[in-house]
Amino acid sequence: DLSSSAYERLLWVENEGEHCAVASIDNRGGHSPWDRLLLVYNCGDEPMEYETPECTWQVLVDGESAFRWQEEVQIGNRFTIPGQSAMILGLRSVSA
């Protein structure tokens, strides 16, 4: 979304520890099967544990593959992000 109102889709951003940032994005309204995206970035050298209130996320992108979404990999609400890595997670739409 390159529109001037794209920032309105940003639900929240938080720092998780000294080296990890997390952002939640409202992804509804398009043709995507994911209502919400979670962007997690760990710039530290050590792995970081993170916990969300939601139960199950689909891994869309991780430090090894930008095509992880094609594999339908699911993770729970508590997960580890490796050091020097990023992940994009998606919550599926109810109608998907």
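Look up: the structure comes first, before these words.
Calculation notes
Residues numbered from 1 in each chain as written. Predicted model: local features only at pLDDT ≥ 70, side-chain atom pairs only at ≥ 80, totals over all residues. Heavy atoms only, no water. Helix = DSSP H or I, 4+ residues; strand = E, 2+ residues; numbered from the N terminus. Rg over C-alpha atoms; globule rule 2.2 N^0.38 Å. Buried < 20%, exposed > 50% of the residue type's maximum accessible area, 1.4 Å probe, protein only. Contact = heavy atoms within 4.5 Å. Areas by Shrake-Rupley, 256 points an atom, 1.4 Å probe, with all protein chains shown as cover. Lys, Arg positive; Asp, Glu negative; His and termini not counted. Charge placed at Lys NZ, Arg CZ, Asp CG, Glu CD. Salt bridge = Lys/Arg side-chain N within 4 Å of Asp/Glu carboxyl O.

A.B. asks: Got a sec to walk through the overall build of the protein? Specific residues and values, please.
C.D. replies: Secondary structure assignment for the protein yields zero helices and eight strands. What you see in the protein, going N to C, is helices and strands ordered as β-β-β-β-β-β-β-β. A compact globule built from 96 residues should have a C-alpha radius of gyration of about 12 Å, and the protein, at 13 Å, falls within 12% of that. The principal-axis extents of the C-alpha atoms in the protein amount to approximately 35 × 30 × 25 Å. When burial is assessed residue by residue, the protein has 33% of its 96 residues classed as buried. For the protein, long-range pairs separated by at least 24 residues make up 52% of all intrachain contacts whose partners lie at least 6 apart in sequence. For the protein, the exposed surface amounts to about 6,200 Å²; the carbon and sulfur share of it is 53%. Counting 6 positive and 16 negative side-chain charges, the protein places the centres of these two groups 7 Å from one another.

A.B. asks: Outline the pattern of salt bridges, supporting the account with residue identities and numerical values.
C.D. replies: It is possible for side chains of opposite charge to pair when their charged atoms get near one another. Counted by the stated rule, this structure contains seven salt bridges. We note a salt bridge from glutamate 51 to arginine 78, for which the minimum N-O separation is 2.9 Å. Taken together, the positions of glutamate 51 in strand E4 (residues 48-51) and arginine 78 in strand E7 (residues 78-81) put the pair 27 residues apart, joining distant regions of the chain. A residue is classified by how much of its surface remains accessible, and arginine 78, at 51% relative accessible area, is exposed. Close ionic contact of aspartate 62 with arginine 68 constitutes a salt bridge, the shortest N to O distance being 2.8 Å. An identical accessibility class is assigned to aspartate 62 and arginine 68; each is buried. A single network of salt bridges, built from pairs that share partners, joins Asp62, Glu64, Arg68 and Glu71.

Read these as spatial facts, not as claims about activity.
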